[in-house]
Amino acid sequence: MRDLERLARLDPGGSPERPILIESPSGIDLRAVAKPCPLCQGSLRLEEHAASIIEGVRLRVAAVACTLCGVRRSIYFRLVGSDLH
């Protein structure tokens, strides 16, 4: 499980350092639940998404939960053309 969690953090969107680039916040909902849970392959449910500044970078953070195993995680997005610092 720990290895799968580490791999998930290396995927695009898995950490603030590796955000998924998007053109509009409207794409977050679909992109956040498009991939299955990296631990059990269950479907992800979007709980919320919000704007946040992490280490000086403006990001959108989607909070998701697996419908099968219940594990919660954050998926990180950055708007193309948004300020980097």
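Cut-offs applied
- Residues numbered from 1 in each chain as written.
- Predicted model: local features only at pLDDT ≥ 70, side-chain atom pairs only at ≥ 80, totals over all residues.
- Heavy atoms only, no water.
- Core = buried A, V, L, I, M, F, W, Y, C linked by side-chain atoms within 4.5 Å.
- Buried < 20%, exposed > 50% of the residue type's maximum accessible area, 1.4 Å probe, protein only.
- Helix = DSSP H or I, 4+ residues; strand = E, 2+ residues; numbered from the N terminus.
- Contact = heavy atoms within 4.5 Å.
- Pairing = 2+ DSSP bridges.
- Axes fitted to C-alpha atoms, helices over the stretch in contact; angles between N-to-C directions.
- Salt bridge = Lys/Arg side-chain N within 4 Å of Asp/Glu carboxyl O.

This paragraph deals with the nonpolar core. Side chains that are nonpolar tend, in soluble globular proteins, to be buried together. If you look at the biggest cluster of nonpolar residues, it comprises 12 residues: Ile 20, Ile 22, Ile 28, Ala 32, Cys 37, Leu 39, Leu 44, Ala 62, Val 64, Cys 66, Ile 75 and Phe 77. Elements represented by at least two residues in this core include exactly β1 (20-22), α2 (28-32), β3 (57-66) and β4 (72-79). By residue number, the principal contributor to this core is β3, which donates three residues. With residues near it in sequence (within four places) discarded, Ala 62 still touches Ile 28, Ala 32, Leu 46, Glu 48, His 49, Arg 73, Ser 74, Ile 75 and Phe 77.

This paragraph deals with the environment of Glu 17. Relative to the elements of secondary structure, Glu 17 occurs in the loop between α1 (2-10) and β1. Using a relative accessible area of 55% as the deciding quantity, one classes Glu 17 as exposed.

The strands that make up a sheet pair up through hydrogen bonds in the backbone, lying either parallel or antiparallel. Here we have four strands laid out as an open sheet, ordered β1-β4-β3-β2, and mixed in their pairing. This sheet does not close on itself; its edge strands, each paired only once, are β1 and β2 (44-54). Mean inter-strand twist for the sheet, computed between neighbouring axes without regard to direction, equals 35°. The sheet contact formed by β2 and β3 spans 10 bridges and is antiparallel. If you follow Arg 45 over to β3, its bridge partner there is Ala 65.

A few words now on the pattern of salt bridges. Per the stated rule, a full pass over the model turns up five salt bridges. A salt bridge links Asp 11 to Lys 35; the nearest nitrogen and oxygen atoms lie 4.0 Å apart. Taken together, the residues Asp 11 in the loop between α1 and β1 and Lys 35 in the loop between α2 and β2 connect sequence positions 24 residues apart. With its nearest N and O atoms 3.1 Å apart, the salt bridge here joins Glu 47 to Arg 72. Remark: Arg 72 occurs in strand β4 and Glu 47 occurs in strand β2; sequence separation between them is 25 residues. Taking relative accessible area as the criterion, Glu 47 reaches 35% and is therefore assigned partly exposed. Assessed through its relative accessible area of 57%, Arg 72 is described here as exposed. The structure contains a network of salt bridges with shared partners spanning Arg 45, Glu 47 and Arg 72.

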